[in-house]
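Read off the chains here:
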Amino acid sequence: MFCVTARMANSGQQVSGRSPKPLPDHPWSEMIYRRRSIVRRQGAFLHGVQPETGLTTAVPRNDGFAELSKLGRQPVSLTEVAPHVPSHEIPRRPLPRWADELGNHRARLSGAWSDRTRYDGTPEPFVDQTSESRGQCGVSSAWLIKQLIEHVDEATLFYCYGHVYRAGTRSALLSAHCWVEVGLAAEPDRYVIDLTGDQIQPLRSHPVLCLPHDEVLEQLGVDYAADRARLAPRDVAQDLVQPRLLVLEANLARGI
């Protein structure tokens, strides 16, 4: 871990700090701490989480820093950095503050997943059968709904069940997938939040996905279509996922 302190000066914001030696043979060892530019919250997006450590990574829109906490005069804790994100994957819009916690949510979930929380339905041809997130989409999305309900308007929060298609086609990458959306179905800029999409190759580098729907289409080439169900939070309590959700919550409570 390394920390950077952002401070105000007459000439503008400056950033100073230091970083330790990168971990040997670590895929994230190429530090982005190369550019001493302004650390900005605007445009930051959660790009992934390290499976080994559960550390969140984020990359600001136009700068080479990862930032995960408050800016201004307060220290900015950089728990880890990600490799440079291609410009075509940088979101056009800044993400809401609640998105900062999604990486931590994924880390907690991955430690609590088990065979008892997994849905073993009809095998999906494009799913990596060795992926830890395989079959965990429903229970993870149901749990995430409960975390987000305190931070977003409940009328715009939905548990989604349907297909993930290749953009512009009806070629299904996933035919029975669950995720969360914030925003109404007719809104192209509604947020797609998926903490288990990395079970398929096109989303392998996105264990934490949070982008507006139209940007998912344009940048990632996939189309999330809630064509099976789109449930309000109160309706998730009657969904068949509930027994597995109870197991997941028990695992989280025990620190498994």
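The structure we're discussing is the one just above.
Since the structure is predicted, the reported quantities are computational estimates derived from the model, not experimental observations. (Residues numbered from 1 in each chain as written. Predicted model: local features only at pLDDT ≥ 70, side-chain atom pairs only at ≥ 80, totals over all residues. Heavy atoms only, no water.)

1. Examining the layout of surface pockets
To find leftover empty space, a probe the size of one water molecule is rolled over the atoms.
Turning to step 1, where the next piece is worked out: Its volume calculated, the largest pocket comes out at about 600 Å³.
Turning to step 2, where the next piece is worked out: Lining the largest pocket are 27 residues, with Y119, G121, C137, Y161 and A176 sitting closest to its centre.
Turning to step 3, where the next piece is worked out: Mapped onto the lining of the largest pocket, the elements with two or more residues apiece are α2 (137–148), β6 (157–166), β7 (172–182) and β10 (222–231). (1 Å grid on protein atoms, 1.4 Å probe; cavity = no way out; pocket = protein on both sides within 12 Å on 5 of 7 lines; lining within 4 Å. Points joined across faces, edges and corners; volume = space filled by probe spheres on them. Helix = DSSP H or I, 4+ residues; strand = E, 2+ residues; numbered from the N terminus.)

2. As for the pattern of salt bridges
Turning to step 1, where the next piece is worked out: This structure, assessed with the given rule, holds 9 salt bridges.
Turning to step 2, where the next piece is worked out: The salt bridge partner of D120 is R134, with a shortest N-O separation of 3.2 Å. On the criterion of sequence distance, the pair formed by D120 in the loop between α1 (102–112) and α2 and R134 in the loop between α1 and α2 is long-range, its members being 14 residues apart.
Turning to step 3, where the next piece is worked out: Under the relative-accessibility criterion, D120 is labelled exposed at 55%.
Turning to step 4, where the next piece is worked out: In this structure R134 comes out as buried when scored by relative accessible area, which is 19%.
Turning to step 5, where the next piece is worked out: Salt-bridge contacts for D128 lead to R204; the nearest nitrogen and oxygen are separated by 3.7 Å. Of the two residues, D128 is situated in the loop between α1 and α2 and R204 in the loop between β8 (191–194) and β9 (209–212); the sequence distance between them amounts to 76 residues. (Salt bridge = Lys/Arg side-chain N within 4 Å of Asp/Glu carboxyl O. Buried < 20%, exposed > 50% of the residue type's maximum accessible area, 1.4 Å probe, protein only.)

3. A short note on the packing of aromatic side chains
Turning to step 1, where the next piece is worked out: Overall, the coordinates contain 2 aromatic pairs when judged by the stated rule.
Turning to step 2, where the next piece is worked out: Their ring planes at 85° and their centres at 5.8 Å tell us that W98 and Y191 sit as a pair that is edge-to-face. Residue W98 is found in the loop between β5 (75–78) and α1, and its partner Y191 is found in strand β8; the two are separated by 93 residues along the sequence.
Turning to step 3, where the next piece is worked out: When its relative accessible area of 16% is taken as the criterion, Y191 is described as buried.
Turning to step 4, where the next piece is worked out: Aromatic pair W179 and Y224: ring centres 5.0 Å apart, planes at 75°, arrangement edge-to-face. Here W179 is found in strand β7, whereas its partner Y224 is found in strand β10, with 45 residues between them in sequence. In this pair, the class of W179 matches that of Y224, namely buried.
Turning to step 5, where the next piece is worked out: Geometry around Y165 places R170 over its ring, the cationic atom sitting 4.2 Å from the centre.
Turning to step 6, where the next piece is worked out: The lysine or arginine in question, R230, covers the ring of F158, its NZ or CZ lying 4.2 Å from the ring centre. (Phe/Tyr/Trp six-rings, centres within 6.5 Å; stacked < 30°, edge-to-face > 60°. Lys NZ or Arg CZ within 6 Å of the ring centre and 35° of its normal.)

4. Describing the sheet that holds β7
Turning to step 1, where the next piece is worked out: Read from one edge of the open sheet, 5 strands run β9-β8-β7-β6-β10, paired in antiparallel fashion. For this open sheet the edge positions go to β9 and β10, each flanked by a neighbour on one side alone. Between one strand and the next, the sheet's axes are offset by a mean angle of 35°, whatever the strand orientation.
Turning to step 2, where the next piece is worked out: Its contacts with the sheet place helix α3 (residues 213–220) against β8, β9 and β10, and it is angled at close to 105° to β9. (Pairing = 2+ DSSP bridges. Axes fitted to C-alpha atoms, helices over the stretch in contact; angles between N-to-C directions. Contact = heavy atoms within 4.5 Å.)

5. Considerations on helix α5 (residues 242–253)
Turning to step 1, where the next piece is worked out: Between its first and last C-alpha, α5 extends 16 Å over 12 residues, near the 16 Å set by a 1.5 Å rise per residue.
Turning to step 2, where the next piece is worked out: Buried within α5 we find R244, L245, V247, L248, N251 and L252. Along the axis of α5, the buried positions cluster into a sector of 160°, meaning they face one direction only. For α5, the exposed residues set more than 90 degrees away from the buried face come down to P243, L246 and A253.
Turning to step 3, where the next piece is worked out: The secondary structure elements touched by the buried residues of α5 are α1 and α2.
Turning to step 4, where the next piece is worked out: Following α5 by one or two positions, G255 has its phi on the positive side, about 75°. (Expected span 1.5 Å × (residues − 1). Arc of directions from axis to C-beta.)

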